[in-house]
Amino acid sequence: MKKKLILALSGLIVGVAALAFIISATLNGKHRVIADEEAVFFVPADELQYVFANDERSAGAKYMDQVIKVSGKVTDVEGHSIVLDNRVLVNLLNDATTAFQEGKELIIKGRCVGFDELLLQVKIDQAEINLK
Amino acid sequence: MKYTNKITQTSIGLLLLIGAFQLQAQKLVDRNGQVAFKASEALFEPVEAKNQSVTAVLDTQSNEIASLALMKGFRFKNSLMEEHFNENYIESETYPKATFKGQLKDFDITGVTNQPQQVRVDGKLELHGKEKAIETYLNIGKTGDVLIITGSFMVTPDDFDISIPSIVKNKIAKEVTISLDFNLKAL
């Protein structure tokens with residue numbers, strides 16, 4: 001009788017633990033790791049900005065939240081941000097090096113966040129750098 | 001003599017021109033400002049997110065201030081919450097950004113010191129296709145040549161026609177606190 005009770009109790013504990021694990025796994029789903037994803041598009045910085053400035057809605061439908069590769073010349077560096085061809089603002093992953101000089105040609109890979117009409121720049125985050 | 005006159009005239013003209021350009025170039029910008037919001041209810045999982053790439057522009061001549069946050073730039077601790085925020089509540093594919101346009105009242109950039117002062121701002125916040133008038137106070141100070149603006153204000157999901165399904169209604173606060181932290185510089 002006692003054995004049965006212990007068995008039932010331990011079964012219940014295992015069940016509850018499994019349920020808790022499943023719930024926490026669904027609730028705390030993992031974030032995308034942009035660095036591990038393949039780029040879906042590869043565009044020059046000026047072209048990317050042009051399509052957004054021209055028709056934000058259709059450009060957004062195509063590029064927003066996608067992992068893309070962008071090429072261009074570094075025109076500005078500030079902290080973990082670089083600007084490509086004055087048109088694309090790239091926020092690098094925190095561990096990315098920012099020892100880049102203005103004028104250098106780069107290709108970056110990151111997530112397209114959207115178009116900033118105050119700066120007239122496309123913003124990209126979680127980016128890493130492939131030197132050209 | 002004539003020549004020197006002409007040279008003086010041209011240089012005065014040039015100086016005036018340069019002066020005019022300097023007056024025009026009085027925009028201070030932060031391209032990676034912070035905006036966070038909190039809609040947490042006690043006992044439930046915190047509902048909060050932060051955007052660290054918000055743009056803010058202040059025209060120190062007209063005291064007009066503008067800010068823009070891309071909705072996809074808001075990061076949550078919980079990725080599922082982030083997904084719901086984008087897809088069900090904010091609908092970021094249709095409404096990809098939030099903008100604020102306003103005016104600092106009785107503000108003079110030359111009077112700003114290291115000691116933050118309260119400055120009133122009146123403006124409009126637009127998000128999810130709806131607009132709401134915002135009147136609040138900002139703390140404005142400076143460190144070196146960086147103008148530091150911080151502040152917070154409250155809005156409600158109702159203000160912007162964002163409906164919260166009844167199943168999660170008690171997990172999301174009725175009032176959402178939005179806080180901001182900008183470091184503006186001349187570009």
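Residues numbered from 1 in each chain as written. Chains lettered and ligands numbered in written order. Predicted model: local features only at pLDDT ≥ 70, side-chain atom pairs only at ≥ 80, totals over all residues. Heavy atoms only, no water.

Re the overall build of chain A
This is how the line gets drawn: Put simply, DSSP H or I for four residues or longer makes a helix, DSSP E for two residues or longer makes a strand, and each gets a number counted from the N terminus. The cut-offs for exposure are 20% and 50% of the maximum accessible area for each residue type, with area from a 1.4 Å probe on protein chains only; residues under the lower value are buried, those over the upper are exposed, and the others partly exposed. We call two residues in contact when some of their heavy atoms are within 4.5 Å.
A tally of regular secondary structure across chain A gives three helices and six strands. Out of the 132 residues in chain A, the part that is buried amounts to 35%. Restricting to contacts in chain A with at least 6 residues of sequence separation, those with at least 24 account for 62%.

Regarding the nonpolar core
Within soluble globular proteins, side chains that are nonpolar tend to cluster in buried spots. We count it as follows: Residues belong to one nonpolar core when they are buried, are Ala, Val, Leu, Ile, Met, Phe, Trp, Tyr or Cys, and are joined through side-chain atoms within 4.5 Å.
In this structure, Leu104(B), Leu125(B), Ile140(B) and Ile149(B) are the most contacted members of the largest nonpolar core, which totals 45 residues. It is strand β9 (residues 172–186) of chain B that provides the largest number of residues to this core, a total of seven residues. Counting residues in each nonpolar core, the second largest holds 22 residues, with Leu48(A), Phe100(A), Val122(A) and Ile124(A) among its members.

A short note on helix α2 (residues 79–89) of chain B
Residue and element names in this part refer to chain B. Condition: In this context, the arc is that of the directions from the helix axis out to the C-beta atoms.
Looking at α2, one finds that the buried residues are Ser79, Met81, Glu82, Phe85, Asn86 and Tyr89. Take α2 and look down its axis: the buried residues cluster within an arc of 165°, on one side only. Directly after α2, the chain includes glutamate 91, whose backbone phi takes a positive value near 50°.

Observations regarding the pattern of salt bridges
Spelled out, the test is: A pairing counts as a salt bridge when a side-chain nitrogen of Lys or Arg comes within 4 Å of a carboxyl oxygen of Asp or Glu.
Overall, the coordinates contain 18 salt bridges over all chains when judged by the stated rule. Put simply, Arg32(A) and Asp65(A) hold a salt bridge, and the shortest N to O gap is 3.5 Å. Taken as a pair, Arg32(A) in the loop between α1 (2–27) and β1 (41–44) and Asp65(A) in the loop between α3 (56–63) and β2 (67–78) lie far apart in primary sequence, 33 residues in all. Since its relative accessible area comes to 36%, Arg32(A) is described here as partly exposed. Linking Glu78(A) and Arg31(B) is a salt bridge whose minimum nitrogen-to-oxygen distance equals 2.7 Å.

Observations regarding the pairing of strand β2 (residues 48–59) of chain B
All names here are of chain B. Note the cut-off: For two strands to count as paired, DSSP must find a minimum of two bridges between them.
In terms of strand pairing, strand β1 (residues 27–40) meets β2 through nine bridges, oriented antiparallel. Bridge assignment links phenylalanine 37 to a residue of β2, and that residue is alanine 49. Of the pairings in the sheet, the one linking β2 to strand β4 (residues 75–76) comprises two bridges and is antiparallel in character. Opposite lysine 50, over in β4, you have arginine 75 as the bridge partner. The antiparallel hairpin formed by β2 and strand β3 (residues 64–70) contains four residues in its connecting segment, where asparagine 63 sits at a positive phi of about 60°.

Some words on the environment of Ala17(A)
Residue and element names in this part refer to chain A. As for its position among the elements, alanine 17 is in helix α1. On the basis of relative accessibility, which here comes to 45%, the residue alanine 17 falls in the partly exposed class. Taking C-alpha positions, alanine 17 is 40 Å from valine 40, a pair spaced 23 residues apart along the chain.

Remarks on the packing of helix α2 (residues 45–54) of chain A against α3(A)
Residue and element names in this part refer to chain A. Stated precisely, the cut-off is as follows: Each axis is a line fitted through C-alpha atoms, taken for helices only over the stretch in contact, and angles between the N-to-C directions span 0 to 180 degrees. By definition in this entry, angles of less than 35 degrees are roughly parallel, angles greater than 145 are roughly antiparallel, angles of 65 to 115 are roughly perpendicular, and the rest are oblique. Gly falls in the polar group here, along with every residue not listed as nonpolar (Ala, Val, Leu, Ile, Met, Phe, Trp, Tyr, Cys, Pro) or charged (Asp, Glu, Lys, Arg).
It is the contact of α2 with α3, at a shortest axis distance of 5 Å, that shows an interaxial angle of 130°. Looking at the two axes, α2 sits oblique to α3. Here Leu48, Val51, Phe52 and Asn54 of α2 lie close against α3, whose contacting residues are Glu56, Ala59, Gly60 and Tyr63. Looking at the contact of α2 with α3 residue by residue, the class counts come to five nonpolar, two polar and one charged.

Looking at the interface of chain A and chain B
Basically, it comes down to this: Buried area: the accessible surface (1.4 Å probe) lost by two parts on joining, summed over both.
Between chain A and chain B, the contact holds 28 residues from the first and 28 residues from the second. Taken together, the two surfaces of chain A and chain B that pack against each other cover about 2200 Å², and 48% of this comes from carbon and sulfur. Of all residues in chain A, His31(A), Met64(A) and Leu118(A) give up the largest surface area on contact with chain B, accounting jointly for 26% of the area buried on that side. Between chain A and chain B we count six salt bridges in total.

Considerations on α3(A)
Residue and element names in this part refer to chain A. Looking only at α3, the buried set comprises Ala59, Gly60 and Tyr63. Around the axis of α3, the buried residues are gathered within 105° of arc, so they sit on the same side. What points out from α3, more than 90 degrees from its buried face, is the exposed set Arg57 and Ala61. In this fold, the buried residues of α3 make contact with β1, α2, β2 and β5 (105–116). Aspartate 65 sits one or two residues past α3 and shows a positive phi near 70°.

Digging into a nonpolar patch on the surface
To be explicit about the condition: Excluding any residue in a salt bridge, patches collect residues exceeding 30% relative accessible area, merging like charges within 9 Å and nonpolar Val, Leu, Ile, Met, Phe, Trp and Tyr side chains within 5 Å. All accessibility values rest on the Shrake-Rupley procedure with a 1.4 Å probe; residue burial counts only the protein chains present in the view.
There is a patch of nonpolar side chains on the surface, built from Leu5(A), Leu9(A), Leu12(A) and Val16(A) and spanning about 400 Å² of accessible area. One can find Leu9(A) in helix α1.

Here we look at the side chain of Lys109(A)
All names here are of chain A. We count it as follows: Polar contacts, as counted here, are pairs of nitrogen or oxygen atoms within 3.5 Å of one another; within protein the pair requires one atom able to donate a hydrogen and one able to accept it, and residues that are adjacent in sequence qualify only if both atoms are side-chain atoms.
Along the polypeptide, lysine 109 turns up in strand β5. Judged by its relative accessible area of 10%, lysine 109 is buried. Polar contacts involving the side chain of lysine 109 include one to the main-chain carbonyl oxygen of alanine 35, which spans 3.0 Å.

Observations concerning the pairing of strand β5 (residues 97–104) of chain B
All names here are of chain B. Of all eight residues making up β5, six are buried, and the element is well covered by its neighbours. Two elements, β3 and β5, share seven bridges in a ladder whose sense is antiparallel. Note that in β5 the partner of alanine 69 across the bridge is alanine 98. Both β5 and strand β6 (residues 117–127) contribute to a ladder of six bridges, which runs antiparallel. Bridge assignment links lysine 101 to a residue of β6, and that residue is lysine 124.

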